[in-house]
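The chain contents come next:
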There are 4 protein chains.
Amino acid sequence: MNTAIEKNRGFASDNYAGAHSEIIEAIQNVNHAHDGAYGNDQNTQSAKELFKHHFGANTEAYFVYNGTAANVLGLQSITNSFDSIICAETAHINVDECGAPERFTGCKLITVHSPNGKITIDTIKPHIYGFGDPHHSQPRVISITQPTELGTLYTEDEIKTLSNYAHENNMYLHLDGARLSNAAASFNKNFKEITFDLGVDVLSFGGTKNGLMFGEAIVFRDKSLTTNFDYIRKQGMQLASKMRFISAQFEALLSNDLWIKNARHANKMARILSEEVSKMEEVKITQNVEANGVFAIIPEHSILDLQDKYSFYVWDEQSLEVRWMCSFDTTEEDVRNFVSLLKKSLKDN
Amino acid sequence: MNTAIEKNRGFASDNYAGAHSEIIEAIQNVNHAHDGAYGNDQNTQSAKELFKHHFGANTEAYFVYNGTAANVLGLQSITNSFDSIICAETAHINVDECGAPERFTGCKLITVHSPNGKITIDTIKPHIYGFGDPHHSQPRVISITQPTELGTLYTEDEIKTLSNYAHENNMYLHLDGARLSNAAASFNKNFKEITFDLGVDVLSFGGTKNGLMFGEAIVFRDKSLTTNFDYIRKQGMQLASKMRFISAQFEALLSNDLWIKNARHANKMARILSEEVSKMEEVKITQNVEANGVFAIIPEHSILDLQDKYSFYVWDEQSLEVRWMCSFDTTEEDVRNFVSLLKKSLKDN
Amino acid sequence: MNTAIEKNRGFASDNYAGAHSEIIEAIQNVNHAHDGAYGNDQNTQSAKELFKHHFGANTEAYFVYNGTAANVLGLQSITNSFDSIICAETAHINVDECGAPERFTGCKLITVHSPNGKITIDTIKPHIYGFGDPHHSQPRVISITQPTELGTLYTEDEIKTLSNYAHENNMYLHLDGARLSNAAASFNKNFKEITFDLGVDVLSFGGTKNGLMFGEAIVFRDKSLTTNFDYIRKQGMQLASKMRFISAQFEALLSNDLWIKNARHANKMARILSEEVSKMEEVKITQNVEANGVFAIIPEHSILDLQDKYSFYVWDEQSLEVRWMCSFDTTEEDVRNFVSLLKKSLKDN
Amino acid sequence: MNTAIEKNRGFASDNYAGAHSEIIEAIQNVNHAHDGAYGNDQNTQSAKELFKHHFGANTEAYFVYNGTAANVLGLQSITNSFDSIICAETAHINVDECGAPERFTGCKLITVHSPNGKITIDTIKPHIYGFGDPHHSQPRVISITQPTELGTLYTEDEIKTLSNYAHENNMYLHLDGARLSNAAASFNKNFKEITFDLGVDVLSFGGTKNGLMFGEAIVFRDKSLTTNFDYIRKQGMQLASKMRFISAQFEALLSNDLWIKNARHANKMARILSEEVSKMEEVKITQNVEANGVFAIIPEHSILDLQDKYSFYVWDEQSLEVRWMCSFDTTEEDVRNFVSLLKKSLKDN
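Rules behind the numbers
Numbering of residues starts from 1 in every chain and runs along the sequence as written. Chain labels run from A onward and ligand labels from 1 onward, assigned in the order the entries are written. Totals for whole chains, interfaces and linings use every residue, but because this is a predicted model, local features are given only for residues with pLDDT of at least 70 and side-chain atom pairs only at 80 or more, for both listing and counting. Each side-chain value is derived from all of the structure's non-hydrogen atoms; neither hydrogens nor water enter the calculation. Strands are runs of DSSP state E lasting at least two residues, helices are runs of H or I lasting at least four, and both sets are numbered from the N terminus onward. Every radius of gyration here is taken over C-alpha atoms, with the globule rule written as 2.2 Å times N^0.38, N being the number of residues. When accessible area is computed with a 1.4 Å probe and restricted to protein chains, residues below 20% of their type maximum are described as buried, those above 50% as exposed, and intermediate ones as partly exposed. Any two residues whose heavy atoms approach within 4.5 Å at even a single point are treated as in contact. Areas reported as accessible are Shrake-Rupley estimates using a 1.4 Å probe. Residue values count occlusion only from the protein chains shown. Only the contacting stretch of a helix is used when fitting its axis, a line to C-alpha atoms as for every element, and angles between N-to-C directions run 0 to 180 degrees. Under this scheme an angle from 65 to 115 degrees is roughly perpendicular, one under 35 degrees roughly parallel, and one over 145 degrees roughly antiparallel; angles in between are oblique. Under the grouping applied here, Gly and all other residues not named as nonpolar or charged are polar, the nonpolar ones being Ala, Val, Leu, Ile, Met, Phe, Trp, Tyr, Cys and Pro and the charged ones Asp, Glu, Lys and Arg. All the domain ranges listed were derived from an automatic or database domain assignment. Summed over both partners, the accessible surface that disappears when two parts come together, traced with a 1.4 Å probe, is what is meant by buried area. Any Lys or Arg side-chain nitrogen located within 4 Å of an Asp or Glu carboxyl oxygen qualifies as a salt bridge. Each polar contact in these results corresponds to two N or O atoms within 3.5 Å; when the atoms are within protein, one needs to be able to donate a hydrogen and the other to accept it, and residues that are neighboring in sequence are counted only if both atoms are side-chain atoms. Overlaid copies result from least-squares superposition on C-alpha atoms, with residues included only where pLDDT is at least 70 in both.

Below, the discussion takes up the overall build of chain A. A tally of regular secondary structure across chain A gives 15 helices and 11 strands. For 349 residues, the compact-globule estimate of 2.2 N^0.38 gives 20 Å, and chain A sits close to it at 20 Å. Projected onto the principal axes, the alpha-carbon positions of chain A cover approximately 60 × 55 × 35 Å. Classification of the 349 residues of chain A by burial places 66% in the buried group. Considering only residue pairs separated by 6 or more positions, chain A has 75% of its internal contacts joining residues 24 or more positions apart. On chain A, roughly 11800 Å² of surface is accessible, and the fraction owed to carbon and sulfur atoms is 44%.

Further remarks concern the packing of helix 2 (residues 21–29) of chain A against helix 2 (residues 21–29) of chain B. With their axes 11 Å apart at the nearest point, helix 2 of chain A and helix 2 of chain B run at an angle of 180 degrees to one another. What the angle tells us is that helix 2 of chain A and helix 2 of chain B run roughly antiparallel. In contact with A:Ile24, A:Ile27 and A:Gln28 of helix 2 of chain A, helix 2 of chain B contributes B:Ile24, B:Ile27 and B:Gln28. Among the residues making up the contact of helix 2 of chain A with helix 2 of chain B, the classes are represented as four nonpolar, two polar and no charged.

All names here are of chain A. The domain boundaries assigned to chain A delineate domain 1 (34–253) and domain 2 (258–348). Using only C-alpha atoms to locate each centre, domain 1 and domain 2 end up separated by 28 Å. Taken together, the contacts link 22 residues of domain 1 with 19 residues of domain 2. Both sides of the domain 1 and domain 2 interface together cover about 1700 Å² of buried area, and 54% of this is carbon and sulfur. Among the residues domain 1 hides against domain 2, the three largest losses belong to Leu150, Asn182 and Leu253. Together they make up 27% of the total. Seen at the junction of domain 1 and domain 2, the total is zero salt bridges. The interface formed by domain 1 and domain 2 includes 11 residue pairs in polar contact (both at pLDDT 80 or more).

What follows deals with the environment of D:Thr227. All names here are of chain D. Residue position: threonine 227 is located in the loop between strand 7 (216–220) and helix 11 (229–235). Note: C-alpha distance between threonine 227 and serine 77 (150 residues apart in sequence) is 8.6 Å. Of note is the side chain of threonine 227, whose polar atom sits 3.3 Å from the backbone oxygen of serine 224.

Inspection of the entire model under this criterion finds 60 salt bridges over all chains. The salt bridge partner of A:Glu102 is C:Lys108, with a shortest N-O separation of 2.7 Å. Here A:Glu102 is found in helix 6 (residues 100–105), whereas its partner C:Lys108 is found in strand 3 (residues 108–112) on a different chain. Comparing A:Glu102 with C:Lys108, the two get one shared label, buried.

Omega for the bond connecting A:Gln146 with A:Pro147 falls within 30 degrees of zero, at -10 degrees, which places this linkage in the cis form. As for its position among the elements, A:Pro147 is in the loop between strand 4 (138–145) and helix 8 (156–168). A positive phi angle, close to 60 degrees, is found at B:Tyr38, a residue other than glycine. Assignment of secondary structure puts B:Tyr38 in the loop between helix 2 and helix 3 (42–55). The backbone phi angle of C:Ala33 is positive, close to 25 degrees, even though this residue is not glycine.

For the rest of this paragraph, the subject is the relation of the copies chain A and chain B. It takes a turn of 180 degrees to lay chain A on chain B, together with a shift of 0.0 Å along the axis; the resulting RMSD is 0.0 Å. Expressed as a symmetry operation, the mapping of one chain copy onto the other fits a two-fold axis. Judged by C-alpha distance, A:Tyr65 is the residue of chain A that lies nearest the rotation axis, at 3.6 Å. A share of 100% of interface residues in chain A that are also interface residues in chain B marks the association as one of identical surfaces.

Moving on, we get to the interface of chain C and chain D. Tallying the contact residues gives 58 residues for chain C and 58 residues for chain D. With both sides pooled, the region where chain C packs onto chain D buries about 5100 Å², and carbon together with sulfur makes up 54% of that total. Summed over the shared surface of chain C and chain D, the result is zero salt bridges. Applying the counting rule to chain C against chain D returns 40 residue pairs in polar contact (both at pLDDT 80 or more). Taken together, the elements giving at least two residues each to the side of chain C that touches chain D come down to helix 1 (3–6), helix 2 (21–29), helix 4 (67–76), helix 6 (100–105), helix 11 (229–235) and helix 12 (244–255) of chain C. With five residues, helix 4 of chain C is the largest single contributor of residues to the side of chain C that touches chain D. In the side of chain C that touches chain D, the residues fall into 22 nonpolar, 24 polar and 12 charged.

See below:
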């Protein structure tokens, strides 16, 4: 992409955005004198408490640098190398992490077809067998993404069904919540209600895509799952020395309503965008717009016209399906300008 | 340690400090609109160029989150799993990374006794054998730290001797430069002169301990060593999505003289501290003070008296050797107050 | 299964058989005095030469203990940890090796649906993309099994097509030949013609399932692929100290026609078995019988009746598809008795 | 070495020997019809029972192919990747396994100087610290070799002291018993008395060096340590399909007195050898001869003279210390001829 475009607000990814001003402010506020390294500081304690407030008193949160690490180290903490992890073929852990989950957990990833980004009991069941057979990777984790990589949402019942099934089979339910705030905002529920109350065992909580500069959290259902996590994180190269600068960001995100304001806004921008483009008959919305992403098929020439001004990804080269992600800093004007441009492009051809 | 103390400036570690104000400013300055993720942004390109300026036109720099990752991924890029890495028994890669180097490279670490933090041909030579013998981990890397974990410096000749020996044996010389700026400041030389000109092949360049909020670099002697590094970094869970926030810090550090100002200052504080305490006969300085750390043996009661007001580590529980690290933000007043307190404690007992 | 049954010759697996008498004899013949350990012996040299004779003058063979190791170490020698390996969902490396390929190579396994055990360009093509994208495991190996786990054979053209495709994409073609002798016997061709002449890069050559006591070989197309293999095998825990006892078995297998006699016989037994049972209308042969395995669907009560006397596996619990493997020591009488028993069982119900 | 020599009985290693005739016989005896694969056979059950008989009713034995695997998989079963294993610098796991322990367990190996092959509380204590510190590999295993790689024996008290220390620190005691039979023969005690009764937690039991063709066992103090071992062994590429051929060898070794006859004989040959050569003043025996190995320093020309007829290793190139291993099949005549040759060589020069 050309650099000039990238410096505008486009629709490529919510991690193309910068950091929210309150986040920057929070960072400045903890930039005092000296403080204990590696999480031995007040901000980290306080941020961890905030996670308990949002996710439940028995939960435990740990901070890492990025989403790949949050997924990999969370999975490592609940698996042995001879286990398997089942997920959607579109899952970030399968498609976008360069094999980090396999390499660092040693586990087999089993993937199932998931046209809308979601897995179901029916799709995964044929793969969950071989318990006790040493020739067979032991099924140990069902991993879902909420919202999915396709901008859709699992219903609460769908998650409950999967967690019940997991637990009946002595497995865990892992949730990649890189955009979990967008899910909570969409459901208008708190984090506990949409995760641990539904039987999730461990989750990645995304900060970067909701306005943080960097920083993600791994949240465990219960302290009992964290026995070795301090070592796993350190050996996993994810223990931040000046951790207060991550923790302060989470404090800012979670102590007031910043997390939900940002997420609601991004969701709303996606909704407006989808409503506007769905009025054009040349545009086919391909996925339910339930969070902050819009997936659509548009004519090829319009892709080129739009990419001339705004960056975004072609999701599927075959079908020319594109992905438009909205971010905490996407403005309604951004959306309207983008829509106008698309309209013009469609008309011109 | 008690929290109140930690919020003062102590002598525990240069990573107890916050970020330099110019670093914070640089971060704010890149917090504009959208930009390419994962290093596809102007600041990253520009920061990489700055590294070429400082280290040599043929070198290549990559950014990661922290020092453990810089060491591990740098080492991984020049080893096979069946190789060995030789280092001082005091090396950070041996003592402070929870086995990350072994786990992620697969390599054997061979350690040698190093009372002053330095290894020599004599100490390592007995361990460098077995080339071509499949029963034996293949010696592949000599890893040194500059300045060492004990605040001492390898002379340029010492490094050259080690690099020659390494290359004669078809091995690499790796340098852990978590505090490399302090070495350059002490030598009053540029980075190229004290690393690649002396035969270093790959190095970790520390930012965090010299005033960055977070962020380290891996610098390779030559592009030829980087063939797979993009994959190694991504699979190594160290590819930052909003990378501009690391890159901007390095721009600020390296584009003006911030790096050397910070390092010189920290070195100077250590020198003053060591000069002052060496006047007291109850204090024994145990290592040459050549960078920003002071190692000394003091009476036990004084350790307790000092730790009541300032945080620092007892380096060796047996000999009661303590470590006092100075930082870019240590003030001369901090040092003088600390010295006074020590004087008082020694007199009172 | 009950022990009494297992001590008969059943149809469970060709690794339920013992060792061929010529193999035992060969072992006795090398049980003389002392000999160099770890392959530094005459028998190993001679066995390696025999492999060159059968597979081509430029090929290189290495011996390991078992088939899992042959696959894993062969794959490791041609991959980096950030690569991916594509194979049939029924592949032994995917289903029967407890995740060893992932754990030891670090690679991602990508599996495709393969009702007849075979993969095609059409099925794998959608998964082969992302070259140069560090977020994506790099497609590096296409792995096929010949004969397949379903007793079918790739035609020579099919293999050639796959190898061409692999090489065009800078990938390797790996072949799991746990039963490669059965393929050669079926084609009535030599090993070179059905492997390296078709573009295979590295293969596992099975001994155990064709009458050896233990021992498999990894055969590389060319010496250039073996640079690190001595270390990979040793670190992979597969370097046999008294290697002459493996090598002598391969000498016996390959220096006269034992390999083809055994394989032809097993194939013939499968053919007879399949011809006989296909006359019964209650029996549905589900796969082409092209090597030494017969896959069929029979009534449930007949499964139980037969398993009362002969061991064999139900391949698919849903469809009641069973697998009957013939071995070098399966007799025509075994087959006829088995067929009679099935006939009787079908009539009785 | 030249091939002609190797086919004599030399003193290079007890794994240069072939297999004992009773072992070959045992193999032939189980070469009947079909039997369950992967250990589902009567011989494996029976061999496992024999291990219980020798090592204790609560112990559990598992069979693998070789000694490297026995050590690595035994260690893996009691460690996490962030643990450390302390051993003698001369330990096989440190020197002769090409880094397999590090690669497959992920653990750090900490080595201590051990001039007689033995470690002591004093030598290891300085390395056993950092419990609970996530920066530090967690000390988890003390690994000893009995007899040591230098032919010496830990006394029972020495082992007990180490196991007590291990258990007080929540660590395990691992024993590499590649030549454990030689230790038992030397002590004239049973296996239980010299291992689990002294607090050993898991051990490698060597077969190959005491007359087996191939095959080693991992013996666990208690079933509780074996929870995942079936998966660890399979994923570790060490599950033998025709396992009865390993098991039958162990049955032969352990069901009559073959193990002790072989070991006593080898020990006796070493004793005679050492007694004879110690009469020569030019020869300096460097280690106590307590098992089946003799370590000595002899003039360089005599090394060459002897190696002209007998293979053996120079253990230390600097001091010209040589190692002479005796085996179950070393004859008294071999020893006397060897001694004569040495005498002659010494006189001639």
